[in-house]
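# Close look at the chain arrangement
Below, each chain spelled out in residue letters.
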Amino acid sequence: MDSSIPELVERLGSDEDGVRKMAVFKLQGSIGDPSFADIFIAEGGLARLRYLILHATGNTLAYSLTSFARLLEVDKGWDFVDQEVVERVVELIVTHPLVNILRGAMSILVSIVSHPHTDDDVSQSRGFGFRALKPAIAVYPQFLEMLVSRLSSADHALCANALQLINSLMRESITNEADLEWPRFIQKLQDLGVIRAVYSLMRGTAMQDHIHPLIEFQYLTKVLLRKWRDIPLDLEQPEHRRALKGIFLASSLERSHDKGAGSVEDIRRSKRHHPEKWRRLGFDSENPVMQFECTGFLGLMDLADYVRNNQDEFQKIIMEQSTRPVDQRCPIARASLSVTSILYDHFEVDKSEMEDVKTSLLIDSRSNIDSLFQPLLLHWTRLHVAGLHAFFRLWRTTGAEIRDYDKTVELVRVLLESIIANAPRAKDVQEVEEDIVNFDYGRLRELQMELLELTYEDVWGEHLRHMRGELYHEALHFVKEQRIRCLLRGDWFPTENTPELEAASKKTSWRFIQLSHNRRFLHFGDFEHRQKESPQLDVLSEKIELSIVSSVVSNVSKSSDDAFSPVKTKSCPNNSMKIAIHGHPEAAARMKGAQDAGHHRQVSKSTQGECVLLNLHPQSLSVAAEWLDGLLMLLNQQPITTETSKLIDLISDYGLKIRLLNVRFDDLAFVGQSPTVPSRVGLDNDYYYDVFGGS
C-alpha cells in the first residue's frame, strides 16, 4: 500500500478528470488510517487534495470533500485549513444541490468549528471555531437559513450532518463567544425555525439515523437553560433593564409613572414614588431583583415572554387582582418564577452529562430512545405559559390566599410532572397543553398523595411499612366496631317462604334481628308487616347464643372465584343474597331446651354436623356487607366483602395521609365548599361525633 501512495498522489494531479476522480475515490477509503495519512501528506498529496476542493466539480469534488473531512477527523491536515477553504465550503452548502457534496462539506465544517483553538490561531490567520466561519457567512448571509432548511431533508444522513454542524456552532458559540454574541446567535437560529425542525425530528420515526446529533442538541438546550439560569439579574445590563421595564409597561400604569422606568435608579427606588409598583405585579417587595435569585435571567426571560405574548390577559389579571384584599391576590410574577423552577427541576437541567448519555446509548440504543428524548423540552416557553395558566386556575378555583401559595405550587408541580412525564415521545405539544387545561383538578390532591407516599417509601422504607401496618390494624378494629354497631342497631329482613306457603299467604313476612347489648345473643322475631319503629329487644321471642355458632355460609363475596374458609361463598344477584348462620345440632337442641326451661346457660359445641340456625336475606350489598362481616368479626374471623375491604383501606390510607401531611378543612384538597364542622356550642368534654350513625 505504501508504494502505491506516490502513484495515487500523482494521479490526483492528472489533467484528466476521470483519472482524478478514480484516484480520489480510492483515497476516501484509505485516508482515515493515520499512518496512511502521514505518508500521503509527506508525499505532497494534501496540496493537490486542497486544489480539488477549490476547483473540482461533480463526484470528483464530492470524493475530495469526503477525503478531506476524514483526514481532519484523524487530526491531520490542519495546516491547509485557511479562509479560502472555509469560504469555498460555505459557498457549496449555500449554493450546491447535490447531497453527496453537501455531506462532505458539512463534515469539514463540523471538524473546523469543533477543533480546539487559541487566540494565537486567529492571529496566525488560522481561524478555528465559530470565528472561522464569520467572514464566509458575511459573504453568504443565507448560510444559517440554508443549514436549518437541511434539517427537513429526506436524506437522513444529510439531515444528521446538518444538525451535527448546528450543534458544533451552538457549542462553540456558548463556550467561546463573548457574552453579547452567543445570545444573538442562538436567537437567530431560533428565529430561523431550528426548534421546530428538531422537535419534528425528535418525534419522528427515523430516530436511529439522527439519534446522536439529537441527543447532543437536547443536551445543548439544557446547557443554554442552565447558562441563562446562572446569569444573575443585573440592572446595569441594558438587556436585563429593558426586559424588566417591558414587564412594568405592560401592566398599564399611568404613563406619567412610566417616565424613567428603565433607569437603574427608578427601578431601585420605585417604592419611593409608587408604593406598590412592583408588588401589584406579584413581586414580594419593591426590589424585584431579589425575586430572581433562584431563576436568574432565565426566570426574567420566561416572565417577559409571557407578558409580551399575553399582554391583554396580563393586564386583565392585574386589574382583577387589584380589587381583592391583599392576602387574596394572585402573585403573578412570583407564580411565573415558580413555574420556571418546576420545569427546570422536572427536566433535570442540571443533570445533562453527555458521557452518561453516550454510555447508555452504547448499551441499548433502541430500547432507550423514548426514555432518553425529551422533545417537550424544546417547547419550554409554551409549557411555561400552560403551567402559569394552570396556576391561575387553581388559585381562582380553590379561593387560595397568600398562605396557600406553597401548596398551590406543589399542586402545579404534580400536574405538570404527571402530564409531561406520561406524554409519549410522539405526542404534540398542543395536545399536552390541552391535557393541562382539561385535567381533573379534583384528582390533584389524590395524585399528590400517591407521589408523596412513594417518596416517603423510598426515604423511610421499613418505617413507613410498619406505620402502614399499624394503621391497617387500627382501621380494621374501627370497621369491626362499626359493623358490630349495625348489628346492635338491628335491621329488618324478609323471611324465606317455601312455594307452598307463598302460594297460600300471597304476602311476605318480615323478621327483625338485633344483637344483644352484651354481644352474646342474636335476638329475632317474625312480623307480618315491617314496622316504622324498631321493636324493643324484649319483644323479640327468639334468640341464638353466639357461642354455639360454628360458621357463616353466604353467597356474598368479593368475586365468584373467591373461596374463604369456613365461609362458603358464590356470586349472586342482589335479590337472592343469603347469609346462613350455622351451628351444631346437639348444641342447638340443648339451647332450645334451655330456652323452654327458662334458662340461658351457655351450651358447649358438639363435634357433630352443622345445621342452619338462622337465615338472613339482605336487600342490598351494603346491608349484606354490614351483617356478613359483622357476624364474621364477632366470631373473630376476617371480613370478606369488597365494601368492607374498601372501607378499611380508605380509613388506613387517610390515617397515613394525615400523618404525612397536616391536613386541614381549609386545605386545597377541598375544591369548592369545605366540609361543615359540627358546632360545639352547649357541649362539655363528654361528647363524641357519631360518624356512622350507630348508637
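See the structure printed just above.
Here the structure is a predicted model, which is why all the values come from computation and not from measurement. (Residues numbered from 1 in each chain as written. Predicted model: local features only at pLDDT ≥ 70, side-chain atom pairs only at ≥ 80, totals over all residues. Heavy atoms only, no water.)

### Points about helix 24 (residues 380-398)
- Counted at 1.5 Å a residue, the expected span for helix 24 with its 19 residues is 27 Å, and the 27 Å between its end C-alpha atoms agrees.
- A large share of helix 24 lies buried, amounting to 14 of its 19 residues. (Helix = DSSP H or I, 4+ residues; strand = E, 2+ residues; numbered from the N terminus. Expected span 1.5 Å × (residues − 1). Buried < 20%, exposed > 50% of the residue type's maximum accessible area, 1.4 Å probe, protein only.)

### Focus: the sheet that holds strand 7 (residues 611-616)
- Taken together, the three strands give an open sheet; going across it, the order is 5-6-7, and neighbouring strands pair in antiparallel fashion. Two strands bound the open sheet, and with one partner strand each, they are strand 5 (549-554) and strand 7. If you compare each strand with its neighbour and ignore which way they point, the axes differ by 25° on average.
- Taken together, the five bridges between strand 5 and strand 6 (residues 579-583) define a ladder with antiparallel strand orientation. Bridge assignment links S554 to a residue of strand 6, and that residue is I579.
- The sheet contacts of helix 31 (residues 621-634) involve strand 5, strand 6 and strand 7, and relative to strand 6 the element is tilted by about 20°. (Pairing = 2+ DSSP bridges. Axes fitted to C-alpha atoms, helices over the stretch in contact; angles between N-to-C directions. Contact = heavy atoms within 4.5 Å.)

### Describing the nonpolar core
- Core analysis: the biggest nonpolar cluster contains 150 residues, and F68, I112, F143, L165 and L169 have the highest contact counts within it.
- Ignoring anything within four residues of it in the chain, the contact list for F68 reads L46, L49, I53, G77, V81, V85 and I108.
- One finds L487, I579, V623 and W627 within the second-largest nonpolar core, a separate group that totals 27 residues. (Core = buried A, V, L, I, M, F, W, Y, C linked by side-chain atoms within 4.5 Å.)

### Quick word on the pairing of strand 6
- In terms of burial, strand 6 is largely enclosed, as five of its five residues are buried.
- Alternating residues of strand 6 divide into I579, I581 and G583 and A580 and H582, and every residue in both groups is buried.
- Looking at chain direction, strand 6 and strand 7 are connected through five bridges and run antiparallel. When the bridges of strand 7 are listed, H582 appears paired with V612.

### What about the sheet that holds strand 2 (residues 510-515)?
- Spatially, four strands are ordered 1-2-3-4 in an open sheet, and the strand pairing comes out antiparallel. Lying at the two open borders of the sheet, with one neighbouring strand each, are strand 1 (491-494) and strand 4 (542-545). Averaged over all neighbouring strand pairs, the angle between strand axes comes to 25°, with direction disregarded.
- Summarising the sheet, strand 1 and strand 2 pair through four bridges and their orientation is antiparallel. By the bridge assignment for strand 2, D491 is matched with I513.

### Describing the pattern of salt bridges
- Throughout the structure, instances matching the rule amount to 21 salt bridges.
- Note that E91 and R88 form a salt bridge whose closest N and O atoms lie 3.7 Å from each other. Of this pair, E91 and R88 both sit in helix 6 (residues 83-95), three residues apart, which is roughly one turn of that helix.
- Here R308 and D305 are joined by a salt bridge, their closest N and O atoms 2.1 Å apart. One end of the pair is R308 and the other is D305, both in helix 19 (residues 296-309) and three residues apart, which spans about a single turn.
- Given the relative accessible area of 54%, R308 is considered exposed.
- Several salt bridges share partner residues, and in doing so they unite R50, D82 and E84 into one network. (Salt bridge = Lys/Arg side-chain N within 4 Å of Asp/Glu carboxyl O.)

### With respect to the packing of aromatic side chains
- Under the counting rule described, the total for this entry stands at 13 aromatic pairs.
- Both rings, one in F248 and one in W278, keep their centres 5.6 Å apart while their planes meet at 50°; by these two values the pair is tilted. Taken together, the residues F248 in helix 15 (residues 238-249) and W278 in the loop between helix 18 (270-273) and helix 19 connect sequence positions 30 residues apart. Comparing F248 with W278, the two get one shared label, buried.
- Look at W492 and F527: their rings are 5.4 Å apart centre to centre, the planes differ by 70°, and that puts the pair in the edge-to-face class. Of this pair, W492 sits in strand 1 while F527 is found in strand 3 (residues 521-527), placing the two residues 35 residues apart along the sequence. Like F527, W492 is buried.
- One aromatic cluster is present, built from ring pairs that chain together F248, W278, F283 and F292.
- Between K277 and the ring centre of F248, over which it is positioned, the NZ or CZ distance is 4.2 Å. (Phe/Tyr/Trp six-rings, centres within 6.5 Å; stacked < 30°, edge-to-face > 60°. Lys NZ or Arg CZ within 6 Å of the ring centre and 35° of its normal.)

### A word on empty space enclosed by the protein
- On inspection of all chains with the given rule, the structure shows two cavities of 30 Å³ or more.
- Looking at the second largest cavity, its volume works out to about 40 Å³.
- Lining the second largest cavity are L546, V549, V552, I581, L631, L634 and L635.
- The set of elements that each furnish at least two residues to the lining of the second largest cavity consists of strand 5 and helix 31.
- Classifying every residue of the lining of the second largest cavity by side-chain character gives seven nonpolar, no polar and no charged. (1 Å grid on protein atoms, 1.4 Å probe; cavity = no way out; pocket = protein on both sides within 12 Å on 5 of 7 lines; lining within 4 Å. Points joined across faces, edges and corners; volume = space filled by probe spheres on them. Nonpolar A, V, L, I, M, F, W, Y, C, P; charged D, E, K, R; others polar.)

### Quick notes on the environment of E73
- Mapped onto the fold, E73 is located in helix 5 (residues 58-73).
- Taking the C-alpha atoms as reference points, E73 and I108, separated by 35 residues in sequence, lie 8.7 Å from one another.

### A word on the layout of surface pockets
- The volume enclosed by the largest pocket comes to roughly 1600 Å³.
- Lining the largest pocket are 50 residues, with Q187, W228, E239, F297 and M301 sitting closest to its centre.
- Counting residues per element, the lining of the largest pocket draws most heavily on helix 19, at nine residues.
- Tallied by class, residues from the lining of the largest pocket come to 28 nonpolar, 10 polar and 12 charged.
- Here the lining of the largest pocket spans two domains, since at least three of its residues come from each of domain 1 (5-116 + 128-230) and domain 2 (238-252 + 276-439). (Domains from an automatic or database assignment.)

### Some details on the side chain of S173
- Here S173 lies in helix 11 (residues 156-176).
- If we ignore the near neighbours within four places in the chain, the residues touching S173 are F130, W182 and F185.

### A few points about the packing of helix 6 against helix 7 (residues 99-114)
- Where helix 6 contacts helix 7, the two axes come as close as 9 Å, and the packing angle between them is 135°. Between helix 6 and helix 7, the angle falls in the class oblique. Regarding helix 6 and helix 7, the two cross each other, and that crossing is left-handed. Across from V86, V89, V90, L92 and I93 in helix 6, the residues of helix 7 making contact are I101, L102, A105, M106, I108, L109 and I112.
- Of the residues that constitute the contact of helix 6 with helix 7, the class distribution is 12 nonpolar, no polar and no charged. (Parallel < 35°, antiparallel > 145°, perpendicular 65-115°, else oblique. Left-handed = near helix turned anticlockwise from the far one by under 90°.)

### Some remarks on unusual backbone geometry
- Residue E348 is not a glycine yet carries a positive backbone phi of 50°.
- Examined against the element boundaries, E348 turns out to sit in the loop between helix 21 (332-346) and helix 22 (354-364).
- Unusually for a residue other than glycine, N636 sits at a positive phi of about 60°.
- With respect to the secondary-structure elements, N636 resides in the loop between helix 31 and helix 32 (642-660).

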